[in-house]
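# Summary of structural features
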Amino acid sequence: MIHLNEDQKLQVLITELQERYNASHKIRERSTQFTLWISGMAIGLGWLLISQKTLVLTQKIALSLLIAALFAGTLYFIMGLRRGFQKNRGTMIKCEHALKMHDSDVYLADTTLLSDEYNSTNRKWSDHFCTLCVWLFLVAISLLILTWTSPDQEKVHSSNPKIEKVNGGQKNG
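First things first, this report covers the structure right here in the doc. Predicted model, so just to flag it, every value in this text is computed and none were measured. (Residues numbered from 1 in each chain as written. Predicted model: local features only at pLDDT ≥ 70, side-chain atom pairs only at ≥ 80, totals over all residues. Heavy atoms only, no water.)

Across its full length, the protein holds four helices and two strands. For the protein, the succession of helices and strands along the chain, N to C, is α-α-α-α-β-β. In the protein, which comprises 173 residues, the proportion classed as buried is 25%. In the form shown here, the protein has an accessible surface area of approximately 12,400 Å², with 61% of it arising from carbon and sulfur atoms. (Helix = DSSP H or I, 4+ residues; strand = E, 2+ residues; numbered from the N terminus. Buried < 20%, exposed > 50% of the residue type's maximum accessible area, 1.4 Å probe, protein only. Areas by Shrake-Rupley, 256 points an atom, 1.4 Å probe, with all protein chains shown as cover.)

Following this line, the structure appears as structure tokens:
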């Protein structure tokens, strides 16, 4: 066991807390970037669905299974980041308590440095990761709807009057 004096312990706590704050920002950034990347793929797939000919039933089923698998994998990845974020947050709170950042009159008169809101790892439905999951759910549902309802481009184009050339002239058909 290493014996540290009070100044060394304080330095370890401050360094650890800074590392945890940096890790927290990186986890949130990674989850946001991943969600944006998946959203970009979804936009590309959506564009393909509305610009190509109608899919046959087996193609629609296969595409629906692919969308479901991608959604499940994405959700698994995001939830893994969330678990890491929560563990990191718990360690941050321990460091903050050791530094007495949640105690009144230590850093500021008649108040704590950090509010009670920062003293817990309780999850809210509107937190960063829940918001990303709701967004990804909406993207997956939108793709499934497009898969099953995208218009037949041949029918869309055939509903416009055709212009045919007949002996050098034009004839509306």
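Attention shifts here to the nonpolar core. Counting nine residues, the largest nonpolar core consists of Ile27, Ile38, Ile78, Leu81, Phe85, Phe129, Leu132, Cys133 and Leu136. Among the secondary structure elements, those contributing two or more residues to this core are α1 (6-51), α2 (57-98) and α3 (128-149). Looking at which element gives the most residues to this core, the answer is α3, with four residues. Other than its neighbours up to four places away in sequence, Phe129 contacts Ile27, Ser31, Ile78, Leu81, Arg82 and Phe85. Membership of the second largest hydrophobic core comes to seven residues, among which are Leu63, Val139, Ala140 and Leu143. (Core = buried A, V, L, I, M, F, W, Y, C linked by side-chain atoms within 4.5 Å. Contact = heavy atoms within 4.5 Å.)

Here Ser31 is to be found in helix α1. Within the local environment of Ser31, its side chain forms a polar contact with the backbone oxygen of Arg28, the two atoms lying 2.8 Å apart. Aside from chain neighbours lying at most four places away, what touches Ser31 is Ile78, Leu81, His128, Phe129 and Leu132. (Polar contact = N/O pair within 3.5 Å; in protein donor to acceptor, adjacent residues only side chain to side chain.)

Another aspect to go through is α2. The first and last C-alpha atoms of α2 sit 61 Å apart over 42 residues, in line with the 62 Å expected at 1.5 Å per residue. Downstream of α2 by one or two residues, Lys100 has phi in the positive range, about 60 degrees. (Expected span 1.5 Å × (residues − 1).)

This next bit is on the packing of aromatic side chains. Scanning all chains against the criterion turns up four aromatic pairs. These aromatic residues form a ring-pair network of at least three members: Phe34, Trp37 and Phe77. (Phe/Tyr/Trp six-rings, centres within 6.5 Å; stacked < 30°, edge-to-face > 60°.)

What the rule picks out here adds up to four salt bridges. A salt bridge links Glu6 to Lys9, with the nearest nitrogen and oxygen atoms 3.8 Å apart. Note that Glu6 and Lys9 are positioned in helix α1 at a spacing of three residues, about one turn of the helix. What makes Glu6 exposed here is its relative accessible area of 58%. Classification of Lys9 by relative accessible area gives partly exposed; the value is 40%. Between Glu16 and Arg20 there is a salt bridge whose closest N-O contact spans 2.6 Å. You can see Glu16 and its partner Arg20 sitting in helix α1, four residues apart, about one turn around the helix. (Salt bridge = Lys/Arg side-chain N within 4 Å of Asp/Glu carboxyl O.)

Purely geometric numbers; function is a separate question.
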